[in-house]
Amino acid sequence: NDIRGCSRGSLIVLEGLDRSGKTSQCGNLLAYLQGKGFSVEAWQFPDRSTSVGKMISAYLANESQLDDRTIHLLFSANRWEKRALMENKLKSGTTLIVDRYSYSGVAFSAAKGLNIEWCKAPEVGLIAPDVVVYLDVPPEKAAERGGYGLEKYEQLDFQGKVAEHYHNLLDSSWEIVDGSQSIESVERQLKDLAMHSILTCQRGKPLTNLWS
Ligand code: FDM
């Protein structure tokens, strides 16, 4: 069993409130890792390109109404429809930088008042991230950054509830990065965390499933 021959990629997830800077940091990290010669892709959830993703997108744009549990399960299904591809990519050595994952799923639905265990259940069996980076920005500060757009969840009081639920989900696989620092400083910490995770996976860390 030649570790070099079958070394796998790392599953790196970025989480945070809307306007926490996640999406631009994912882009920066992608460019950095590509520059280092790694096989790497940037993904995001929801993946709006699939038919489930289009239903989610219409919901977020307030073009359709769905019951809270229905939309929760669609977000989850949107991850399930990508699970096999995700596993193949990781096993073939590609690192994935993923903008939002199951933690968004739980934090946003729990913020509406749904039971947390109920919210976690459909996520069980998805691939567990190797590292979850939480870009920590106070909701008030996130709201100041150019303001929120018109999507469903982009309101200060709701984002405050989401932040509380994110904090309840924190465990030892999370790395909290203070998103109020300069972009460069956040970027530097992300690079270090990503490199560390990639090396750990190359050395044979096994893939595991949520919810662990
Ligand atoms: N969102 C995202 C959820 O409510 N559940 C989920 O499972 C995911 C992945 O969808 F407000 C919310 C979070 C955000 C919205 O996300 C769209 P982007 O990152 O703005 O596309």
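The rules behind the values
- Residues numbered from 1 in each chain as written.
- Predicted model: local features only at pLDDT ≥ 70, side-chain atom pairs only at ≥ 80, totals over all residues.
- Heavy atoms only, no water.
- Phe/Tyr/Trp six-rings, centres within 6.5 Å; stacked < 30°, edge-to-face > 60°.
- Buried < 20%, exposed > 50% of the residue type's maximum accessible area, 1.4 Å probe, protein only.
- Lys NZ or Arg CZ within 6 Å of the ring centre and 35° of its normal.
- Near = heavy atom within 4 Å.
- Polar contact = N/O pair within 3.5 Å; in protein donor to acceptor, adjacent residues only side chain to side chain.
- Areas by Shrake-Rupley, 256 points an atom, 1.4 Å probe, with all protein chains shown as cover.
- Helix = DSSP H or I, 4+ residues; strand = E, 2+ residues; numbered from the N terminus.

Enquirer: It is not clear to me how the packing of aromatic side chains should be interpreted in this structure. Could you clarify?
Expert: Working definition: an aromatic ring pair is given by the centre-to-centre distance plus the angle between the planes. One pass over the full model with this rule turns up 11 aromatic pairs. Ring centres of Trp-43 and Phe-45 lie 6.5 Å apart, and the angle between their planes is 75°; this geometry places the pair in the edge-to-face category. Neither residue differs from the other here; Trp-43 and Phe-45 are each classed as buried. Here the guanidinium or amino end of Arg-69 rests over the ring plane of Trp-118, the centre of that ring lying 5.5 Å away. Seen from the ring of Trp-43, Lys-82 lies directly overhead, with NZ or CZ sitting 6.0 Å from the centre.

Enquirer: I would appreciate a short explanation of the site of the ligand in the present structure.
Expert: In the vicinity of the ligand, the contacting residues are Asp-18, Phe-45, Pro-46, Arg-48, Leu-60, Phe-75, Arg-79, Arg-100, Ser-104, Gly-105, Phe-108 and Tyr-153. Take Arg-48: an N or O atom from its side chain is 3.0 Å from an oxygen atom of the ligand. Separating an oxygen atom of the ligand from a side-chain N or O atom of Arg-100 is a distance of 2.8 Å. Protein contact buries 91% of the 480 Å² of open area that the ligand shows by itself. Contributing elements (two or more residues each) for the shell around the ligand: helix 3 (68-91) and helix 4 (102-110). No other element matches helix 4, which puts 3 residues into the shell around the ligand.

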